[in-house]
Amino acid sequence: LVKYDEDDTALFVYFITFIAYSDEKIDEVEELAIKKVIEIFRLPRNIYDLVLFRVRLQDVLDSLNISCFGSGYFIAKDGYAITNHHVTEKCNDVKVLTLEKLYDARIVETDEKADLCLLKVTGEFDPVIIDYEIAGMGKEVFTYGYPQPNSQGFFPKVTQGIISADHGYQDDYCLMQIDASVQPGNSGGPLFDRNSGRLVGTVSA
């Protein structure tokens, strides 16, 4: 902690995670010490809850037989969400994870050609604002998703770039090409226009 850089919370995250895993739970003394460190180094106040969420989440994930991860986004307040068809096509059971909890989800409709899957989750959520008309070649965009969560963790990652082509394979105009970096796990995640923050597409490959 002496070498701690207050602009980088990574060390602190590993510190709490180590304590939590070392004895399966954090006792009162450890909790007070951690919260004091948060105060001294002026860390975001929610980091304690986020790290504990990560530890509890791993216990949940370890108990499940997970065959595939993907990203997604809500399109309606009442729990309708979008991901890729290829993320869910071989799954017997689908779960949707938010920073609050793990939800059961059901598949409402799929479109194999467009590689889209509509899910339904019980609850109230904040949907994205969709505006496909502002998409176009050269537009600055960013992705928001969960690449390789087993190794990179279960908090979201952002990459940015441009729409490098307004068509896909064999000039398919239902698709676009972007130069923002994506990895396995980004599938089904939203693609946002950088200036407006509105959704312009869904990451597929």
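Everything below is about the structure printed above this text.
Visitor: Would you mind showing me how to read a nonpolar patch on the surface here?
Guide: A cluster of nonpolar residues, Ile-75, Ile-130 and Tyr-132, forms a patch on the protein surface that exposes about 270 Å² of accessible area. Positionally, Tyr-132 belongs in the loop between β5 (116-121) and β6 (140-145).

Visitor: What exactly am I supposed to notice about the environment of Asp-193 here?
Guide: Take Asp-193: it is sitting in strand β9 (residues 190-193). For the pair Asp-193 and Val-141, spaced 52 residues apart in sequence, the C-alpha to C-alpha distance is 4.5 Å. Apart from residues lying up to four places away in sequence, Asp-193 is in contact with Ile-134, Lys-139, Glu-140, Val-141, Phe-142, Arg-198 and Val-200. Separated by 2.8 Å, the side chain of Asp-193 and the backbone nitrogen of Ser-196 make a polar contact.

Visitor: Before we go on, may I ask you to explain the side chain of Asn-186 in this structure?
Guide: Along the polypeptide, Asn-186 turns up in the loop between β8 (177-178) and β9. Dropping the residues within four chain positions of it, Asn-186 is found in contact with Ser-71, Thr-143, Gly-145, Tyr-146, Pro-147 and Val-203.

Cut-offs and rules
Residues numbered from 1 in each chain as written. Predicted model: local features only at pLDDT ≥ 70, side-chain atom pairs only at ≥ 80, totals over all residues. Heavy atoms only, no water. Patch = residues over 30% accessible without salt bridge, like charges linked within 9 Å, V, L, I, M, F, W, Y side chains within 5 Å. Areas by Shrake-Rupley, 256 points an atom, 1.4 Å probe, with all protein chains shown as cover. Salt bridge = Lys/Arg side-chain N within 4 Å of Asp/Glu carboxyl O. Helix = DSSP H or I, 4+ residues; strand = E, 2+ residues; numbered from the N terminus. Contact = heavy atoms within 4.5 Å. Polar contact = N/O pair within 3.5 Å; in protein donor to acceptor, adjacent residues only side chain to side chain.

Remember, this is a structural readout, not a statement about activity or role.
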